[in-house]
Structure formats: C-alpha cells, structure tokens
Amino acid sequence: MSTRQPTPQEQARLQAIKRQWEQRRRITQHLGKIRHKIGVYSGKGGVGKTTVAINIATLLAAQGARVGILDADIDCPNVVKAMKAETRPRYEEGILLPESKWGVKILSMGFFQQNDEEAIIWRGPMIHNALTQFLESTDWGDLDYLVTDLPPGTSDAPLTIMQTLPLDGFVAVTTTQELALTDAKRSFNMDRKMNLPILGVVENLAGEIFGAGAGEALADQMDLEFLGRLNLRPDYRDTSKPTVLLRDQVRDEYQICLLYTSPSSRDRGCSRMQSSA
C-alpha cells in the first residue's frame, strides 16, 4: 500500500511551520537572560497603552529591578518621545546595545527615523522582519523585566508579534468608554484563541470625565484579574519624564498595581509579576 506524498502546498506549509518554530526557538534562546517578559496591550489605540508601559517600566527600575522596554509598535513608535530618550542604541559587530533612560534600557524603531513625524508604511512581512531583527540582534544583558509595548488591535501587526515574541503574559489596558470596552473584549477573545496568558486588566483615564469602574466590571465579566485603576490627572500634562517620577499620587496608583499584597488582592496579576522576581 503506497503512502500518499504531501502536495507542494502541504510541503510549503510544513516548511513555513518549521521556519517559524526554529525562529521562535532562536529568539527564546537569545532572550534567555531575561527573567520576565511582559506585554502591554490594548484592543484599540488612544487608551494610554504606551503611557502605562513606560510608567510600569520606570517604576520597576526605580525599585531596583533591571528593566528594558521594547517598542514593538513598529509603524507607530512612541516610546522614544514618551521616555524623552536621546541616545540611540550602539551597534557593535552586528549587535544592538540599548542605552538607558530613567534606568530603563530602550529599543524602538523611533531611534531610526530621521523625522519622528515620518510615516512608516510597511506591510506585515516587513514589520515581522524588523521585529525579528530587533529580537535576534539585541543584547539586553541580564534583565529582570522586559516590558513590551505592543501595537493595538487584532490585525496582522499584533498577531505577528504575538506569534514571534515569547511573552510570559499580557497586561491589557482599557478605558471606560463603551467602544474601548468592546474592542478590549475582542482582543481578549483573540488572546484566548491563541492560548496567550492575560495577566489582567488596567482601567486607565478613570475619573469624573469618563467615569470609573467599567474596566473592573469588564475584568469580572471576562473572568480576568483586575490590576488597578489609573485616574485621569492634570499631572500627565508634564511630559518631561514618566509621570511616576513626577507625582506621588500617580506613583501610588502604579504601586498598587505592582506591589499591593493585602489579603483581598494578593492574587492579582501584577502582584504575581512582582513576587516572582
């Protein structure tokens, strides 16, 4: 009885799967000196995802952790401007060596733009190649945390990154508006279909203007951990440095997310991140 030979299309799919597996293995090995790899993600743009990412990274560094931040939003990189980073990564013998700002090592496509208002108009394969080069060619050294600022949504760009980056889990950022909550649900459903771990939900821009509590209700509805509430404050108008370094109230809100260990919330996702370090 003869064995059926795979068709050319089947062979091509098998080769693609093999290449993807090999690439992920190489990246995992290359990032082996990083203890925890955390993604900060949102279902839509404009909910303050990058602000949350840089403040989480900066606060962890201020507490003595060795931290890096990877701006994986290749076509709309904002971390360089948000961190007020001036020094590009060094490039030595084919290896990128990120420089630090506020105690955080930074890598972003923003360093390689001649003009930060320049549009990066790339399709999925080019974004994938750029991210892969970042991951395979960067020497982060020994880190306790690598915080990754992901592109928003459920399209090809975040999907490609989620399949490439070996992340330990995602911090999901949402605001209280109806549309943001709907898009957050879509992103959670995508993560679950891909078997990606969600550490929990951060409710951002809460307060009198947009209301409060909807992010916490969403976490409960989706059976996810609620990590904390970040209020919309005038303090964020000062963009000279991450706001956790400027205002105690903002720092305290992020501190609750990272360190709050009372009996009623000791199982929250950010507490797990901190206690496992």
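The paragraphs below set out a description of the structure included in this document. Just so it is clear, the structure is predicted and the values come from calculations on it, not from any experiment.

## Here we look at the overall build of the chain
Counting its regular elements, the chain contains nine helices and 10 strands. Relative to its length of 277 residues, the chain is compact, with a C-alpha radius of gyration of 19 Å against a globular reference of 19 Å. Of all 277 residues assigned to the chain, the portion counted as buried reaches 48%. Carbon and sulfur atoms provide 49% of the accessible area of the chain, an area that totals close to 14200 Å². Here the chain contributes 33 positively and 34 negatively charged side chains, and the mean placements of these two sets differ by 4 Å.

## Overview of a nonpolar patch on the surface
A cluster of nonpolar residues, Ile209, Phe210 and Leu232, forms a patch on the protein surface that exposes about 300 Å² of accessible area. You can call leucine 232 partly exposed: its relative accessible area is 39%.

## What about the pairing of strand S8 (residues 169–174)?
Of all the six residues making up S8, six are buried; the element is thus mostly covered by neighbouring parts of the structure. Burial along S8 is two-sided: Gly169, Val171 and Val173 facing one way and Phe170, Ala172 and Thr174 facing the other are all buried. Pairing geometry for S8 and strand S9 (residues 198–206), over five bridges, is parallel. Within S9, the residue paired with alanine 172 across the bridge is valine 201. In this fold, the crossover linking S8 to S9 by way of helix H6 (residues 178–193) has right-handed handedness.

## Quick word on unusual backbone geometry
The phi dihedral of lysine 84 falls on the positive side, at around 55°, and the residue is not glycine. As for its position among the elements, lysine 84 is in the loop between helix H3 (79–83) and strand S3 (90–92). Unusually for a residue other than glycine, leucine 205 sits at a positive phi of about 60°. By the secondary structure assignment, leucine 205 is in strand S9.

## Concerning the packing of aromatic side chains
Within the structure shown, the criterion is met by two aromatic pairs. Plain terms: the ring middles of phenylalanine 112 and phenylalanine 134 are 6.1 Å apart, the flat faces sit at 40° to each other, and that makes the pair tilted. Of this pair, phenylalanine 112 sits in the loop between strand S6 (104–108) and helix H4 (124–137) while phenylalanine 134 sits in helix H4, and the two are 22 residues apart along the sequence. Among the residues examined, phenylalanine 134 registers a relative accessible area of 6% and is labelled buried.

Reading the values: the criteria
Residues numbered from 1 in each chain as written. Predicted model: local features only at pLDDT ≥ 70, side-chain atom pairs only at ≥ 80, totals over all residues. Heavy atoms only, no water. Helix = DSSP H or I, 4+ residues; strand = E, 2+ residues; numbered from the N terminus. Rg over C-alpha atoms; globule rule 2.2 N^0.38 Å. Buried < 20%, exposed > 50% of the residue type's maximum accessible area, 1.4 Å probe, protein only. Areas by Shrake-Rupley, 256 points an atom, 1.4 Å probe, with all protein chains shown as cover. Lys, Arg positive; Asp, Glu negative; His and termini not counted. Charge placed at Lys NZ, Arg CZ, Asp CG, Glu CD. Patch = residues over 30% accessible without salt bridge, like charges linked within 9 Å, V, L, I, M, F, W, Y side chains within 5 Å. Salt bridge = Lys/Arg side-chain N within 4 Å of Asp/Glu carboxyl O. Pairing = 2+ DSSP bridges. Right-handed = clockwise from strand over helix to strand, strands pointing away. Phe/Tyr/Trp six-rings, centres within 6.5 Å; stacked < 30°, edge-to-face > 60°.

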